[in-house]
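# Observations on chain architecture
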Amino acid sequence: MERHRRVLIVGTVPYNEMSTSRAFDSYFHFWEKENLAQIFSNAKAPAKGHCGTLYQITDARMLKRRFDKKTKTGVIFNYEALDDGWKDSSLEVGSVTAKMYGWGSKKNSLVYLLRKFIWKKKYWCTDELLSWLDKFSPECVFLSFSDDFFIPQIALFVAERYNIPIVSSIGDDYYFNYKFSLSPLYHIYKLSYRRLIRKVFSHKGSAIYIGNKIRDKYNESFGLDGKTVYLTSEIKRHPFREIPVRSPVISYFGNIRLGRNESLREIGDALGRIDSSYILNVYSNEKDEHYIGIFDGSRNVKFCGTVPYSEVMKKSAESDILIVVEGFKKKDVVITRYSLSTKVADSLSSGAAVFAYGSAECGAIEYAESTGCITTCTDKDMLEVSLRSLIYDTELQRRNYEKGITVVENNHRLENSTGIFESVVNGVCGDL
């Protein structure tokens, strides 16, 4: 069997089945571990995944290095020494440095510019990193796109050093998403970031995309020939079963920000009008009461907190209806207009009836409607009617189930997605 190319992944988070980096499995599932390495910035110790070796550089170490020349900014992890599962504990210690990585979750221009200042090349580009890179000898860089500067900067540095192509993985619109702002810091950040990304795209390589909508936008704008690689799911499809009208199990798994909590509350209220005993179970790792509090006082929404992915698969199989939601507010739609989360693939693969609710401009909702097998509502005034139709119309349920088999086979099978990704990498790498 012909070996895969040696690919260096540059991204903030290494493979984790409970985060967006779970998408890596749709690309690298069949890759040899010795031919995969990653540079990442997350402060937690990685778990066993696809990579034979990983190199961690964190905000906290980068900041310490400015005041202590003896501080090592990089830590090397090798596959054999990693834990089997992802742990919540951070490697950083100290009341100040322990909060450093949290900066990345605070999306504002000041944080981006501060991180740019902290992540000076001379502090992360050490002899140790260069030695680690030389030992691995990458043939291609896989850039897991970020709205920070340092991830694309590191990817571009490695690609130029070894004269190798970059394959960019684009799932969110960080480049064209330019909002109105009176803050000069925002415009400084955005102009600098866009200039950097243009350098990335001018380097030889290609791209992969979460869906066709974002693919068409970036391919046309930058003269790329990238391909859509849909996310896959490990959830096993159960046989068709009718939704039990008296006590359906209705579940949502995932992020509740960006207006999704409001949409979930509206679904709960609509379910209550249909039958006061109906409950929407919401599973999310969200801990901020600002987002959870909207469910307070609702008799029809139960916030269940976080569960491991193994439980997600189990509870998905037990669910009669799985929910996909997005927000309706313009500021949320701008962020999610190209997004297509892992829960869409999971929901379709499960065999459960799927109900999607949100703005038609959002990538996940647009995709859901395009499949022809997901009952989709994009009008708040039609929410209760749409839910009633799905719950009571067994023929609709059966048609969706049968159509879903074809959609999953065409778009969300592991062999298809990995095959498309490998063709992109081989295409830019040429002959060995």
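Here we summarise the structure given alongside this text. Quick caveat, the model's predicted, so the values are computed rather than measured.

Attention now moves to the overall build of the protein. Of regular secondary structure, the protein possesses 17 helices and 14 strands. The C-alpha atoms of the protein give 22 Å as radius of gyration, which agrees with the globular expectation for 432 residues (22 Å, within 12%). Counting only C-alpha atoms, the protein reaches 65 × 50 × 45 Å along its principal axes. The buried share of the protein, reckoned over its 432 residues, is 53%.

Let's shift gears to the sheet that holds strand E11 (residues 301-305). The strand order across the open sheet formed by six strands is E11-E10-E9-E12-E13-E14, and the pairing between neighbours is parallel. Two strands lie at the open edges of the sheet, namely E11 and strand E14 (375-377), each paired on one side alone. Going across the sheet, the axis of each strand differs from the next one's by a mean of 25°, ignoring polarity. Summarising the sheet, strand E12 (residues 321-325) and strand E13 (residues 353-357) pair through five bridges and their orientation is parallel. Each bridged residue has a counterpart across the sheet, and for Ile 321 the counterpart in E13 is Ala 353.

Before going further, it helps to examine the sheet that holds strand E5 (residues 140-144). Sheet strands line up and pair through hydrogen bonds in the backbone, either parallel or antiparallel. Reading across the sheet, the eight strands line up as E4-E3-E2-E1-E5-E6-E7-E8 and stay open at both edges, with mixed pairing between neighbours. Each end of this open sheet is capped by a strand with a single partner; those strands are strand E4 (74-78) and strand E8 (227-228). When strand E7 (residues 205-209) meets E8, the two strands line up parallel, connected through two bridges. The residue of E8 that forms the bridge with Tyr 209 is Thr 228. Contacts between helix H17 (residues 414-429) and the sheet are confined to strand E1 (7-10), E5, strand E6 (166-170), E7 and E8, with E7 contributing the most and set at about 170° to the helix.

A word on a nonpolar patch on the surface. Among the surface-exposed residues, Leu 110, Leu 114, Leu 185 and Ile 188 lie close enough to one another that they form a single nonpolar patch of about 320 Å² accessible area. Those elements that provide at least two residues to the nonpolar patch are helix H3 (109-118) and helix H7 (184-202). Looking at the secondary structure, you find Ile 188 in helix H7. Under the relative-accessibility criterion, Ile 188 is labelled partly exposed at 46%.

What counts and how
- Residues numbered from 1 in each chain as written.
- Predicted model: local features only at pLDDT ≥ 70, side-chain atom pairs only at ≥ 80, totals over all residues.
- Heavy atoms only, no water.
- Helix = DSSP H or I, 4+ residues; strand = E, 2+ residues; numbered from the N terminus.
- Rg over C-alpha atoms; globule rule 2.2 N^0.38 Å.
- Buried < 20%, exposed > 50% of the residue type's maximum accessible area, 1.4 Å probe, protein only.
- Pairing = 2+ DSSP bridges.
- Axes fitted to C-alpha atoms, helices over the stretch in contact; angles between N-to-C directions.
- Contact = heavy atoms within 4.5 Å.
- Patch = residues over 30% accessible without salt bridge, like charges linked within 9 Å, V, L, I, M, F, W, Y side chains within 5 Å.
- Areas by Shrake-Rupley, 256 points an atom, 1.4 Å probe, with all protein chains shown as cover.
- Salt bridge = Lys/Arg side-chain N within 4 Å of Asp/Glu carboxyl O.

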